Amino acid sequence: MSATTIAQKGIDALAKGDYATAITNLDKALESSNSPVWLLARSKAHQKAKNLEAALHDAELAYHAAAERGSGTSRSHMIQAQYRRAVIYYQLERFADADCCAKWSMLLAEGRPAREDDGVEKRVDSEGNYTVTYEEYLADKDNQPKPKTDNALAAAEKGPYATDWNMAFSWRSQALGRLKKLPKDHPGWKVNVTKIPPKPEQKKAKSPEPAESTSEDELQEQKPPKKEAPALGSVPDEKMKLRVDFYQTNQTVTVSLFVKDVKKEDLKVEFGKHQVRISPIPREAAPYVKPGDREATSTLVLAGEIDPSASKWSASPRKIELVLQKAAPGIKWGRWGDEKIGTVESDDHEPATTAASSSAASTAKPATSSASTLAKVPAYPTSSKSGPKNWDSLPVDDDKEDGQDINGFFKTLYKGSTPEQQRAMMKSFLESNGTTLSTNWEEVKDKVVPTVPPEGVEPKPWNG
């Protein structure tokens, strides 16, 4: 059974409240991979099982594992790791430390640099007591991630980390609320945390010692035989494909290709309007592949059109990162595309070739906008029952509003949630007058969820 399958069993057990089974399975999975997702799940399982020191260990290790990976999901995992620290410190009655970690989670969700010296932990008086007030906490509402588009669904989401920001913001309310009720000599007022936690050691399973009666020759016989290298041409193309991660903004699509022992000085990257060609790529699954072989080239067939002259690339020994400039800014790609082994013919003009030391394509002709180009805009996936639409071909009616898609989104979200999450959604939505939607029952069950209106809107009572 693969580590991924075992880890999923642990995550499923965590969702069902079977924390012992969750920890056992995640222990096994983490023997083969230091995955931030699995570490965060095990941290939560330990926290629910009241193993708070073990929970804190995993949260801090998850932070470092995410930071070291540098993938497109690293920031999200670092945000969650700081939030887990806040929850654990709260349960340890270290309320000042809990507020600091929740604040750092919010700052990361706002897009602030991970290593920024923000001085959060330095807000103490001459006696070392934390000085941040509840009023200062409320003022942080102005920093809530704002939507970057007028699209209704995106506006409801308020940015990629809006949910994480709201969770950390709510947790600060509890930490500061408990703090102000404590006497000044309580240790909960002291700040003992740092923004970047000290990296804990990875816990490794202890290998059983051989019995005293086992001879050296017998041990040699027990060793599994070395795996033979695959025969020339025996590895199918599908097995050679790289692990890929991507994220996008309104302007760009960033694609990360994870490959070992890549040499930047030998690398050649060619950008076209609909594809990117990269060579030579070392194939871990097929070590017989050499530069110049068909299999040493990867052609990335893109899901949308890009501007080759404005696209860039960079490389490290374990990763190639492409920053693709969208030819049509503001259009969301449903996926990044697909990798093909070897050279793929394309209707693109001659691709813009970048030298090994370059980080941007410079020789491609810029894409031109014309009526014929606009006519070819693809119809993007939609949740509408009527199928995909070409939005550019529809008449504009600014006065008409259609809430079908956003309502469908929330119905789907509610239907797919657990009973505990549904209770949290109903309670938070009703008590906040429709301004907050939380799926975390642990956060909302013991408090009244406050009304947090959009910027510039003033809440008023029904009889007002």
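Residue numbering note: each chain is counted from 1, following its sequence as written. Residue-level local features of this predicted model are given only where pLDDT is at least 70; pairs of side-chain atoms are given and counted only at 80 or more, and the full residue set underlies all totals for whole chains, interfaces and linings. The side-chain numbers reported here are obtained from all heavy atoms of the structure, hydrogens and water having been left aside.

Moving on, we get to the packing of helix 1 (residues 3-15) against helix 2 (residues 19-29). Axis definition: a line fitted to C-alpha atoms, limited for helices to the stretch in contact. Angles are taken between N-to-C directions and run from 0 to 180 degrees. Numbering of helices and strands starts at the N terminus; helices are DSSP runs of H or I of at least 4 residues and strands are runs of E of at least 2. Here helix 1 crosses helix 2 at 160°, and the two axes come no closer than 7 Å. As judged from the angle between their axes, helix 1 and helix 2 are roughly antiparallel. In this structure, the crossing between helix 1 and helix 2 has a hand that is left-handed. Counted together, A3, I6, A7, K9, G10, I11, A13 and L14 of helix 1 and Y19, T21, A22, N25, L26, K28 and A29 of helix 2 form the full contact between these two elements. Any residue outside Ala, Val, Leu, Ile, Met, Phe, Trp, Tyr, Cys, Pro, Asp, Glu, Lys and Arg is labelled polar, Gly included; the first ten of those are nonpolar and the last four are charged. Taken together, the residues of the contact of helix 1 with helix 2 break down into 10 nonpolar, three polar and two charged. Here the angle decides the label: under 35 degrees means roughly parallel, over 145 means roughly antiparallel, 65 to 115 means roughly perpendicular, and every other value means oblique. Left-handed describes a crossing whose near helix is turned anticlockwise from the far helix through less than a right angle; right-handed describes the clockwise counterpart. Two residues form a contact once any of their heavy atoms are found within 4.5 Å.

A few words now on unusual backbone geometry. With an omega of -10°, the peptide bond running from S279 to P280 counts as cis. Its place among the elements puts P280 in the loop between strand 4 (275-279) and strand 5 (298-302). Of note, K50 is a non-glycine position whose phi angle comes to about 70°, a positive value. In this fold, K50 is placed in the loop between helix 3 (36-48) and helix 4 (52-69).

Here, a disulfide means two cysteine sulfur atoms that sit within 2.5 Å of each other. Scanning the model with the defined rule gives zero disulfides in all. With no disulfide of its own, C100 lies 6.7 Å from the sulfur of C101, the closest cysteine sulfur.

Turning next to the sheet that holds strand 2 (residues 252-258). A pair of strands counts as paired when DSSP detects no fewer than two bridges linking them. One open sheet holds the four strands; their spatial order is 1-2-7-6, and the pairing between them is antiparallel. With partners counted over all chains shown, the strands left at the sheet margins are strand 1 (243-248) and strand 6 (312-316), one partner each. Strand-to-strand, the axes of this sheet are offset by a mean angle of 15°, without reference to chain direction. With five bridges joining them, strand 6 and strand 7 (residues 319-325) adopt antiparallel strand pairing. What sits directly across from A315, in strand 7, is I320.

Looking now at the environment of W104. Of note, W104 is situated in helix 6 (residues 95-109). Placed 26 residues apart in sequence, W104 and M78 show a C-alpha to C-alpha distance of 9.7 Å. Leave out the neighbours within four places in its chain, and W104 touches Q82, R85, D118, V120, E121, V193, T194 and K195.

Across the two faces of strand 6 the burial differs, with W313 and A315 buried and K312, S314 and S316 not buried at all. Where strand 6 hands over to strand 7, the hairpin turn is made up of two residues, counted between the paired strands. The cut-offs for exposure are 20% and 50% of the maximum accessible area for each residue type, with area from a 1.4 Å probe on protein chains only; residues under the lower value are buried, those over the upper are exposed, and the others partly exposed.

Counting 60 residues, the largest nonpolar core has C100, W104, Y130 and L179 as the members making the most contacts within it. For this core, the secondary-structure elements that each account for two or more residues are helix 1, helix 2, helix 3, helix 4, helix 5 (74-91), helix 6 and helix 9 (162-179). The element best represented in this core is helix 6, accounting for 11 residues. Each residue touching C100, except ones within four places of it in the same chain, is listed here: V120, E121, Y130, V191 and V193. Among buried residues, the Ala, Val, Leu, Ile, Met, Phe, Trp, Tyr and Cys ones that are joined through side-chain atoms within 4.5 Å form a nonpolar core.

A few words on the environment of R42. Among the structural elements, R42 can be located in helix 3. The sequence separation of R42 and L14 amounts to 28 residues, and the corresponding C-alpha distance is 8.5 Å. Excluding anything up to four places from it in sequence, R42 contacts L26, D27, L30 and D58. Only 2.6 Å separates the side chain of R42 from the side chain of D58, close enough to count as a polar contact. Two N or O atoms count as a polar contact when they lie within 3.5 Å, although within protein this holds only if one can serve as hydrogen donor and the other as acceptor, and sequence-adjacent residues are included solely when both atoms are side-chain atoms.

Along strand 2, seven of the seven residues are buried, which leaves the element largely enclosed by surrounding structure. The side-chain alternation of strand 2 yields two buried faces, one formed by T252, T254, S256 and F258 and the other by V253, V255 and L257. In terms of strand pairing, strand 1 meets strand 2 through six bridges, oriented antiparallel. The residue of strand 2 that forms the bridge with D245 is S256. Between the end of strand 1 and the start of strand 2, which pair antiparallel, lie three residues.

This paragraph deals with a nonpolar patch on the surface. On the surface, F409, F410, L413, Y414, M426, F429, L430 and L437 cluster together into a nonpolar patch covering about 690 Å² of accessible area. Elements that contribute at least two residues to the nonpolar patch include exactly helix 13 (404-415) and helix 14 (419-431). The element that contributes the greatest number of residues to the nonpolar patch is helix 13, accounting for four residues. Locating L430 in the fold gives a position in helix 14. Each patch is built from residues lacking any salt bridge and having more than 30% relative accessible area; the joining distance is 9 Å for like charges and 5 Å for nonpolar side chains (Val, Leu, Ile, Met, Phe, Trp, Tyr). Surface accessibility in these figures is a Shrake-Rupley result with a 1.4 Å probe; residues are shielded only by whichever protein chains are displayed. A pair is scored as a salt bridge if a Lys or Arg side-chain nitrogen falls within 4 Å of a carboxyl oxygen belonging to Asp or Glu.

Take it as geometry only, folks, not as evidence of what the structure does.
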